[in-house]
Every structure is written in C-alpha cells, then in structure tokens.
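This is what each chain is made of:
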Amino acid sequence: MRSAVVVADTTAPADVHGVHGAAGITQWTCLARRAGLTGGWEAVEWARVPVGGISGEHLHTRTREVYVLLAGEGEVTLDGHPYAVRAGDAVLTALGTRHGLRNTGAGPLEWLVIELPADPPARGRAGRAGPVGSTVVRDLRRTGPLDPSAVIGGPLRLLRHVELATGERDVLLADGVEHTAFVTGGHGRAGAGNVRVPLRPGTAFTLPLGTALDLAAGPGGLSYLHAELVPARGGEPR
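Since the structure is predicted, the reported quantities are computational estimates derived from the model, not experimental observations.

### Some thoughts on the overall build of the protein chain
For the protein chain, the count of helices and strands is two helices and 18 strands. Across the protein chain, every contact between residues at least 6 apart in sequence was considered, and the portion connecting residues at least 24 apart equals 68%. If you sum the accessible surface of the protein chain, you get close to 11300 Å²; carbon and sulfur atoms cover 51% of it.

This is the structure in structure tokens:
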C-alpha cells in the first residue's frame, strides 16, 4: 500500500471576486484535483459566501457537480427553478443544468463541491444514455447513504454522512475505489502508513488507488462526509 493520501484544509481560503459573474466575494479552497488520481475526479472544493452573497448562475458543458451544504441557508436554482436549501442538504447537478446558489440566511453559507467530468462518447456507436437528472436531496444525515450515479450518472457511487462516537474507528481502503472525506464536526486522528494527522472541522482527505486511511474519533465524537468513486478499468493516475 502507498501512503500518498492527499491532505488539505480550509484554514487559508482564497478570496475570489465575481464568481460566475456574480457581485461580491466568494472564499474558496481546492482540496484535491485529478492529478495523481486514477478516477474521474475533476476537483474537490470548499466555498463560502457571506450574507446576501451569490455564486452566479452558470452552465457546465463538460462536468457534473455535487454540492453538499455545510453551514447556513440558501436558495439553489436548477434550470430556473428555485429550491430552498440548508446545511445537511445535497444538490446533484447533471451535465447541462444551469445552476446558481444564493445565501438567504443570517450567516455565511458554506458548501463542499465534488466536480466530475462527463463520460467520453462511446467509440464506434452512439453513446448509451444514462441518468441525466438534477435534484435536491434533503438532510443527507437522514436520507443517505445515496448513489449519485442513479441521478446524474458518472463514477461517483456513494455519498454519505458518517458519525463516529468517542473511540470509534472507520477504515477507508482504496482497493478498486477512490475516496474523499471532509470533516464536518468533532475531533479525532487519522493514520496513513506511519503518518498521523489530527482531525478537526475543515480537514479533507482524498485517497488514490492503493492507499488506506484509519479514522479514529476523539472525545465528543467525529462526523464527516464521505464520497466513493469507481475508476474506469485500466485507468492510470492523471
């Protein structure tokens, strides 16, 4: 097993002006990119907009996106239809869906983004049509775990919210699948090979094929979002 787990956090976000044509400032951090990963990840990102802030409406022509709301309340627009969203909800956005997000709450709105490239067209024949919907999933803690591919297609096969009690452990093994995890609450410790990393809210881990991560909850427990992606057969790290 390799121990090249990608570790990142949200402690030093960049200030981005006019995201997708919107006014105001968005704070943003890239937690992982597809470089070094075998699976079809485009990026894993974290974003925050202040009260009244907007991530402008836009259309992706080559990627799907999954948003998981981490803090605050807002309104997401999917092809012109508004949906109220709040911390704990997930938004699954298919290729070609116009979407935007507005902070309607009394505090900052934060969300995790998992962006996935669209499937390449099949060679020598028409591409097989898969699921192409977009939807809002209410309260992932209660609704999950879920399979995003059933809605938007693609290689992301698991999205769940995990809660560990004090002293409980979980092992993520990247054997045939790749993982990303984002700590949402509590504290603990993660181990990859001989490396130990403290866990706190905003810490993220992405596991390429051939790696493993041991998560242990500290006093008060640990909670995190976990996504699992199935790489294409014969893929090589990008």
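Having seen the structure, we can now continue with the description.
### Some remarks on the sheet that holds strand E2 (residues 14-17)
Taken in spatial order, the seven strands line up as E2-E3-E4-E11-E6-E9-E12 in an open sheet, and their pairing is antiparallel. Edge strands, defined here as strands with exactly one partner in the open sheet, are E2 and strand E12 (135-137). Pairs of neighbouring strands in the sheet enclose a mean axial angle of 25°, with direction left out of account. Both strand E4 (residues 43-49) and strand E11 (residues 109-117) contribute to a ladder of seven bridges, which runs antiparallel. Following the sheet pairing, Ala 43 is matched in E11 by Glu 115.

### Some thoughts on the nonpolar core
Ranked by size, the top nonpolar core spans 26 residues in total, and within it Leu 31, Val 66, Val 68, Ile 114, Leu 156 and Leu 159 carry the most contacts. Within the residue set of this core, elements represented by two or more residues are strand E3 (25-33), E4, strand E6 (63-71), strand E9 (90-93), E11, strand E13 (156-164) and strand E18 (212-229). Residue contacts for Ile 114: discarding those within four places in its chain leaves Trp 41, Ala 43, Arg 64, Glu 65, Val 66, Leu 156, Leu 159, Thr 180 and Ala 227.

### Regarding the environment of Leu 215
Following the sequence through the fold, Leu 215 ends up in strand E18. Take Leu 215: its relative accessible area is 3%, and that puts it in the buried class. As for Leu 215 and Leu 172, which are separated by 43 residues in sequence, their C-alpha atoms are 8.0 Å apart. Apart from the residues within four sequence positions on either side, Leu 215 is in contact with Leu 164, Glu 168, Arg 169, Asp 170, Leu 172, Arg 189, Ala 190, Leu 199 and Tyr 224.

### Observations regarding the sheet that holds strand E5 (residues 54-59)
With respect to topology, four strands assemble into an open sheet ordered E5-E10-E7-E8, the strand pairing being antiparallel. At either end of the open sheet lies a strand with only one pairing partner, and these are E5 and strand E8 (81-86). Sheet twist, expressed as the mean angle between neighbouring strand axes with direction ignored, is 15°. Here strand E7 (residues 73-78) pairs with strand E10 (residues 98-103) via five bridges, running antiparallel. Across the sheet, residue Leu 78 finds its bridge partner in E10, namely His 99.

### Describing the packing of aromatic side chains
Tallied over the entire structure, the rule returns one aromatic pair. Relative to Trp 111, the ring of Tyr 67 has its centre 6.1 Å away and its plane inclined at 45°; by these criteria the two rings are tilted. Of this pair, Tyr 67 sits in strand E6 while Trp 111 sits in strand E11, placing them 44 residues apart in sequence. A relative accessible area of 3% means that Trp 111 is categorised as buried.

### Considerations on the confidence of the model for the protein chain
When pLDDT is averaged along the protein chain, the result is 89; 90% of the residues meet or exceed 70. Between residues 121-129, whose pLDDT stays under 50, and residues either more than four places distant or in other chains, the model counts one contact. Every residue in residues 234-238 scores below 50 in pLDDT, and together they form 13 contacts with partners more than four places removed in sequence or on other chains.

Cut-offs used in this document
Residues numbered from 1 in each chain as written. Predicted model: local features only at pLDDT ≥ 70, side-chain atom pairs only at ≥ 80, totals over all residues. Heavy atoms only, no water. Helix = DSSP H or I, 4+ residues; strand = E, 2+ residues; numbered from the N terminus. Contact = heavy atoms within 4.5 Å. Areas by Shrake-Rupley, 256 points an atom, 1.4 Å probe, with all protein chains shown as cover. Pairing = 2+ DSSP bridges. Axes fitted to C-alpha atoms, helices over the stretch in contact; angles between N-to-C directions. Core = buried A, V, L, I, M, F, W, Y, C linked by side-chain atoms within 4.5 Å. Buried < 20%, exposed > 50% of the residue type's maximum accessible area, 1.4 Å probe, protein only. Phe/Tyr/Trp six-rings, centres within 6.5 Å; stacked < 30°, edge-to-face > 60°. pLDDT = per-residue confidence, 0-100.

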